[in-house]
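Here is how the chains run, residue by residue.
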Amino acid sequence: MTLRLGIPKGSLQESTVQLFARAGFNIYVSSRSYYPTIDDPDIECTLIRAQEMARYVADDAVDAGLTGIDWIAEHQAATGEEVVSVTDLVYSKQSFRKVRWVLAVPEESKYRSPRDLEGARISTELVRVTEAYFARLGVNVHVEFSWGATEVKPPDLAEAIVEATETGSTLRANHLRIIDTVLESNPQLIANRRALDDPAKRTKIENIALLLRAAMEAQGRVGLMLNVQRTDLDGILDLLPALQRPTVSPLADDGWVAVSTVLEERDVRELMPRLRAAGGHGIVEYPLNKIVL
């Protein structure tokens, strides 16, 4: 059994490769090849643009792949073909949060709401999703495909744009004002039904999904362990903001216990001195690669 896996080429490529590394899969990408190598003999990787991933998964060119909700929706609106979302993964090019496709207009324009755009030209890469958005509002617009540099289209080439943004900084730099959110998107691991009907491929896909989710859960979290006298245990437990309940284990000395827990890394610098003052000893912080919930 060989699982054919699509890796998104472009803005998501580096962050996807990093996520797989944290999940335990090392992917090696060459600038001269569209076929990265991976240290798993049961997987073959292909670099595919995120915009085309759903199409190639649906057509069985690859068994599974990673792409955004945005491009899945665009493919389904265009063709009616569906792919199966195996798991939800919230990460993007710059951060671990969702990307927004927003409706934006020039800062000084007269447009204040989507309904003000009746008869306007809208420039975007996400054509069919944008058409469906305005159809739901009952607003007639002309949606045009943008080949790139969409932010520079208003006001001369379009009255408004629908564009993806993480922070809004590029839109502000181009003197654009957001008036609505059309769609929120984040990556999905998707597969086609033929692959999922194969027991070996289904198991492999589900195992990849489990490890990717585990890597996501570990992001920004650390493990913490310490020893404490039983008489001080309640005070220590009151300080710990655990992912689950902290684990308390007896030590050889009956008067002492070991405490271990998982917490947000950003909390450690404030928490560690408080734990020491509350009676904690041998406090150790350690990194986490994966957390399976």
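Everything discussed here concerns the structure shown above.
The rules behind these values
Residues numbered from 1 in each chain as written. Predicted model: local features only at pLDDT ≥ 70, side-chain atom pairs only at ≥ 80, totals over all residues. Heavy atoms only, no water. Helix = DSSP H or I, 4+ residues; strand = E, 2+ residues; numbered from the N terminus. Rg over C-alpha atoms; globule rule 2.2 N^0.38 Å. Buried < 20%, exposed > 50% of the residue type's maximum accessible area, 1.4 Å probe, protein only. Contact = heavy atoms within 4.5 Å. Pairing = 2+ DSSP bridges. Axes fitted to C-alpha atoms, helices over the stretch in contact; angles between N-to-C directions. Lys, Arg positive; Asp, Glu negative; His and termini not counted. Salt bridge = Lys/Arg side-chain N within 4 Å of Asp/Glu carboxyl O. Polar contact = N/O pair within 3.5 Å; in protein donor to acceptor, adjacent residues only side chain to side chain. Phe/Tyr/Trp six-rings, centres within 6.5 Å; stacked < 30°, edge-to-face > 60°. Parallel < 35°, antiparallel > 145°, perpendicular 65-115°, else oblique. Nonpolar A, V, L, I, M, F, W, Y, C, P; charged D, E, K, R; others polar.

Q: Would you mind showing me how to read the overall build of the protein here?
A: Of regular secondary structure, the protein possesses 9 helices and 16 strands. Taking 293 residues into account, the globule formula puts the C-alpha radius of gyration at 19 Å, and the protein, at 24 Å, lies well above it. Its C-alpha atoms give the protein principal-axis dimensions of about 80 × 50 × 35 Å. Counting the 293 residues in the protein, one finds 45% classified as buried. Contacts spanning at least 24 positions in sequence make up 69% of the contacts within the protein whose residues lie at least 6 apart.

Q: Looking at this structure, how should I read the sheet that holds strand 14 (residues 247-250)?
A: Where strands meet in a sheet, backbone hydrogen bonds hold them as pairs that are either parallel or antiparallel. The antiparallel open sheet is built from 4 strands, whose spatial order is 14-15-13-16. Each edge of the open sheet carries a strand with a single partner, namely strand 14 and strand 16 (281-287). Across this sheet, the average inter-strand angle for adjacent strands is 20 degrees, counted without regard to direction. Direction of pairing for strand 13 (residues 221-229) relative to strand 15 (residues 256-264): antiparallel, over a ladder of 9 bridges. Residue pairing across strands places Leu 224 opposite Thr 261, the latter belonging to strand 15.

Q: Got a minute to help me understand the side chain of Lys 153 in this structure?
A: Locating Lys 153 in the fold gives a position in the loop between strand 9 (142-145) and strand 10 (160-165). Although Lys 153 is buried, it forms no salt bridge, and the closest oppositely charged side chain is Glu 144 at an N-O distance of 7.1 Å. Among the polar contacts listed, one links the side chain of Lys 153 to the side chain of Ser 146, at a separation of 3.0 Å.

Q: How should the sheet that holds strand 8 (residues 121-124) be read in this particular structure?
A: Taken in spatial order, the 5 strands make up an open sheet running 9-8-10-7-11, and their pairing is mixed. The open sheet is flanked by strand 9 and strand 11 (176-185), the only strands paired with a single partner. Taking each pair of neighbouring strands and ignoring which way they run, the sheet shows an average axis angle of 25 degrees. Along the sheet face, helix 3 (residues 69-79) touches strand 7 (99-106) and strand 11 and points at about 75 degrees away from the line of strand 11.

Q: For this particular structure, what's the right way to read the pairing of strand 5 (residues 64-68)?
A: For strand 5, the buried fraction is high: 5 of the 5 residues fall into the buried class. Neither face of strand 5 is exposed, since Ala 64, Leu 66 and Gly 68 on one face and Gly 65 and Thr 67 on the opposite face are all buried. In terms of strand pairing, strand 1 (residues 3-9) meets strand 5 through 2 bridges, oriented parallel. Note on strand 5: the bridge partner recorded for Gly 6 is Gly 65.

Q: Even after reading the chapter, I still don't get the packing of aromatic side chains, so can you show me in this structure?
A: Any two aromatic rings considered together are summarised by their centre-to-centre distance and by the angle between their planes. This structure, assessed with the given rule, holds 4 aromatic pairs. Ring geometry for Trp 71 against Trp 101: centres 5.7 Å apart, planes inclined by 90 degrees, an arrangement best described as edge-to-face. Residue Trp 71 is located in helix 3, and its partner Trp 101 is located in strand 7; the two are separated by 30 residues in the primary sequence. Taking the relative accessible area as the measure of exposure, Trp 71 reaches 11% and is therefore buried.

Q: Before we go on, may I ask you to explain the packing of helix 1 (residues 13-23) against helix 7 (residues 199-218) in this structure?
A: Packed helices, taken two at a time, are described by the angle between their axes plus the distance between the axes. For the pair helix 1 and helix 7, interaxial distance at closest approach is 8 Å and the crossing angle is 100 degrees. As far as their axial angle goes, helix 7 and helix 1 are roughly perpendicular. Here helix 1 contributes Leu 19, Phe 20, Arg 22 and Ala 23 to the contact with helix 7, which in turn contributes Ile 208, Leu 211, Leu 212, Ala 215 and Met 216. Among the residues forming the contact of helix 1 with helix 7, the class breakdown is 8 nonpolar, no polar and 1 charged.

Q: Would you take a moment to explain the packing of helix 3 against helix 4 (residues 127-137) for this structure?
A: Between helix 3 and helix 4, the least distance of the axes is 7 Å, while the angle of their chain directions is 80 degrees. It follows that helix 3 is roughly perpendicular to helix 4 by the angle criterion. Here helix 3 contributes Asp 70, Ala 73, Glu 74, Ala 77 and Ala 78 to the contact with helix 4, which in turn contributes Val 127, Arg 128 and Val 129.

Q: Would you explain the pattern of salt bridges in this entry?
A: Side chains that differ in sign of charge can pair as their charged atoms come close. Considering all chains together, one arrives at 12 salt bridges under this definition. Residue Arg 55 pairs with Glu 52 through a salt bridge whose shortest N-O separation is 3.8 Å. Here Arg 55 pairs with Glu 52, and both are found in helix 2 (residues 50-58), just 3 residues apart, close to one helical turn. Salt bridges here are not isolated pairs; linked through shared partners, they connect Arg 4, Asp 60, Asp 63, Arg 194 and Lys 201.

Q: Would you mind going over helix 3 with me for this structure?
A: Each turn of an α-helix holds 3.6 residues, which means side chains three or four residues apart point in the same direction. Listed as buried for helix 3 are Asp 70, Trp 71, Ile 72, Glu 74 and His 75. The positive-phi residue at the C-terminal boundary of helix 3 is Gly 80, with phi of around 80 degrees.

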